[in-house]
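# Results of the structural survey
One letter stands for each residue in the lines below.
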Amino acid sequence: MCTNFTSLTVLERIITASNQQQKQVAILLDPDRLQSDEQIEKTVRIANDAGVDYLFVGGSLLVSTAFNHCIDTIKSNTEIPVVIFPGSPLQISDRADAILFLSLISGRNPEALIGHHVIAAPKLKALGVETLPTGYMLIDSGRQTTASYMSNTTPIPHDKADIAMSTAIAGEMLGLRLIYMDGGSGAQNTISAAMIRKVKAQLSVPLIVGGGIRTAAGAKEVLSAGADIIVVGNATEENPNFIYELASLTNAL
């Protein structure tokens, strides 16, 4: 059955696609790395042509002041839902369609677990931005990433699937509606298929996986292991045409 996704909220779109076993792809745009409107517009144009499902916007460390401008530029060139992937409580905007309300459940930093949320929640409520309650799990990718450094947390070891599984189960039991496993920006390795399978087997909420996905074969492995949504950033910045390969994969699986 074909679902009319345009009538759904972003969370409903994600859950419906997951329930129907439809794989999806999100392209991550970092305003610090895409510093011209031409770069943004080119990426968005390809995303439109390829049929990308979501455009995530954000970064672990934003030094650019063009966050809102980046979102405005994207929104003026696409109907694809734009979702903020925040690295701090400062990365909030009512220009986007939704925001990943990330609780870093893999770490033990209270600010990343709940502290930043207390600061951001009143503003988000006032702005009326759709929030996506998400259990965010950093997985060791072979080197320290900006996300682990800025969050002052230790990632779950790459080969400790049981810890990842237990953490994801706890996140779902706490009421989080999505689980996001991430190797971090610039990850050396993708999250292992074995870990993804073990986590997905115990979840009834959608699973998002990102970090280190640089090839079509790597993306296929992550999707086949159980990811409902894959998130790719660095590889599509280096080669925007890679977006076509990612989108065709999700259509084929």
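For the structure itself, look to the data block above.
Conventions and cut-offs
- Residues numbered from 1 in each chain as written.
- Predicted model: local features only at pLDDT ≥ 70, side-chain atom pairs only at ≥ 80, totals over all residues.
- Heavy atoms only, no water.
- Patch = residues over 30% accessible without salt bridge, like charges linked within 9 Å, V, L, I, M, F, W, Y side chains within 5 Å.
- Areas by Shrake-Rupley, 256 points an atom, 1.4 Å probe, with all protein chains shown as cover.
- Salt bridge = Lys/Arg side-chain N within 4 Å of Asp/Glu carboxyl O.
- Helix = DSSP H or I, 4+ residues; strand = E, 2+ residues; numbered from the N terminus.
- Buried < 20%, exposed > 50% of the residue type's maximum accessible area, 1.4 Å probe, protein only.
- Expected span 1.5 Å × (residues − 1).
- Bend = angle between axes of the 7 residues up to and from the residue.
- Contact = heavy atoms within 4.5 Å.
- Polar contact = N/O pair within 3.5 Å; in protein donor to acceptor, adjacent residues only side chain to side chain.
- Arc of directions from axis to C-beta.
- Phe/Tyr/Trp six-rings, centres within 6.5 Å; stacked < 30°, edge-to-face > 60°.
- Pairing = 2+ DSSP bridges.

### Remarks on a nonpolar patch on the surface
Where nonpolar side chains cluster on the molecular surface, the patch consists of L113, I114 and V118 and spans about 260 Å² of accessible area. Structurally, V118 can be placed in helix α4 (residues 110-127). Look at V118 and you get exposed, because its relative accessible area is 56%.

### Focus on α4
With 18 residues, α4 extends 25 Å between its outermost C-alpha atoms, agreeing within 8% with the 26 Å of an ideal straight helix rising 1.5 Å per residue. Along α4, the helix axis deviates most sharply at A120, where the bend reaches about 40°; the proline P122 sits within four residues downstream. Within the span of α4, buried status applies to A112, G115, H117, A120 and L124. Where α4 is buried, its residues contact β4 (98-104) and β5 (130-138). Its side-chain oxygen 3.0 Å from the backbone nitrogen of E111, N109 forms the N-cap of α4.

### Notes on helix α1 (residues 10-19)
Within α1 the residues assigned to the buried category are V10, L11, R13, I14, A17 and S18. Looking down the long axis of α1, one finds its buried residues gathered within 160° of arc, a one-sided arrangement.

### Some details on the packing of aromatic side chains
Working definition: an aromatic ring pair is given by the centre-to-centre distance plus the angle between the planes. Scanning all chains against the criterion turns up 4 aromatic pairs. Site record: aromatic cluster; members linked through ring pairs are F56, F85, Y136 and Y180.

### Describing the environment of T78
Structurally, the position occupied by T78 is in the loop between α3 (67-75) and β3 (82-84). You can call T78 buried: its relative accessible area is 6%. Sequence-wise, T78 and M165 are 87 residues apart; in three dimensions their C-alpha atoms are separated by 36 Å. Aside from chain neighbours lying at most four places away, what touches T78 is V44, N48 and L55. At a separation of 2.5 Å, a polar atom in the side chain of T78 contacts the side chain of N48.

### Points about the pairing of strand β1 (residues 24-29)
Extensive coverage of β1 is indicated by the burial of 6 of its 6 residues. Burial along β1 is two-sided: Q24, A26 and L28 facing one way and V25, I27 and L29 facing the other are all buried. Pairing of β1 with strand β8 (residues 229-232) involves 4 bridges; the strand directions are parallel. Residue V25 lies in a different strand from β8, and its bridge partner there is I230. In this sheet, strand β2 (residues 54-57) lies alongside β1 in parallel orientation, the contact comprising 4 bridges. Looking at the pairing, L28 lines up with F56 of β2.

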